[in-house]
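Chains, contacts and geometry: an overview
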Amino acid sequence: MIGSGVRIGAGARILGGVKIGDDANIGANAVVLIDVPPGRTAVGVPARIR
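Values in this document were obtained by computation on a predicted structure and should not be read as measured data.

Thresholds applied
Residues numbered from 1 in each chain as written. Predicted model: local features only at pLDDT ≥ 70, side-chain atom pairs only at ≥ 80, totals over all residues. Heavy atoms only, no water. Helix = DSSP H or I, 4+ residues; strand = E, 2+ residues; numbered from the N terminus. Rg over C-alpha atoms; globule rule 2.2 N^0.38 Å. Buried < 20%, exposed > 50% of the residue type's maximum accessible area, 1.4 Å probe, protein only. Contact = heavy atoms within 4.5 Å. Pairing = 2+ DSSP bridges. Core = buried A, V, L, I, M, F, W, Y, C linked by side-chain atoms within 4.5 Å. Patch = residues over 30% accessible without salt bridge, like charges linked within 9 Å, V, L, I, M, F, W, Y side chains within 5 Å. Areas by Shrake-Rupley, 256 points an atom, 1.4 Å probe, with all protein chains shown as cover. Salt bridge = Lys/Arg side-chain N within 4 Å of Asp/Glu carboxyl O.

Another aspect to go through is the overall build of the protein chain. A count of helical and extended segments in the protein chain gives zero helices and six strands. Mapped from its N terminus to its C terminus, the protein chain presents α and β elements in the order β-β-β-β-β-β. Its C-alpha atoms give the protein chain a radius of gyration of 9 Å, within 12% of the compact-globule value 10 Å for 50 residues. Seen through its principal axes, the protein chain has C-alpha atoms that stretch 20 × 20 × 15 Å. Counting all 50 residues of the protein chain, 30% fall into the buried class. Considering only intrachain contacts with a sequence separation of at least 6, the fraction spanning at least 24 residues in the protein chain is 0%.

Given below as structure tokens:
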């Protein structure tokens with residue numbers, strides 16, 4: 001599930017049943033394998049929460 005106001009960078013991959021919270025950011029080319037809390041940023045391969 002992807003919340004509202006989420007920004008997803010070019011080439012990013014969101015795999016599995018991951019939940020992306022409202023107003024979260026996903027960095028370009030990130031590979032998201034874990035839930036991203038609202039308002040947080042996920043970057044890297046595999047993505048880490050910042």
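To continue, consider the sheet that holds strand β1 (residues 7-8). A sheet is described by the order of its strands in space; here four strands give the open sequence β1-β3-β5-β6, paired in mixed fashion. Of all strands in the sheet, those with a lone pairing partner are β1 and β6 (48-49), marking the two edges. Alignment of β1 against strand β3 (residues 25-26), held across two bridges, turns out to be parallel. The partner of R7 across the bridge, within β3, is N25.

So, about the nonpolar core. Of all hydrophobic cores here, the largest spans eleven residues; its members are V6, A12, V18, I20, A24, I26, A30, V32, V36, A42 and A47. For A30, the contacting residues outside a window of four places in its chain are G11, A12, R13, A42, V43, G44 and A47.

In this section: unusual backbone geometry. At the junction of V45 and P46, the peptide bond is cis and its omega measures out at -10° in the coordinates. Secondary-structure assignment places P46 in the loop between β5 (41-43) and β6. Unusually for a residue other than glycine, D23 sits at a positive phi of about 60°. In this structure, D23 sits in the loop between β2 (13-14) and β3. D23 gets classed as partly exposed once you look at its relative accessible area, which sits at 46%.

Taken together, the side chains of L15, L33 and I34 present a nonpolar region at the surface, about 260 Å² in accessible area. As for its position among the elements, I34 is in the loop between β4 (31-32) and β5.

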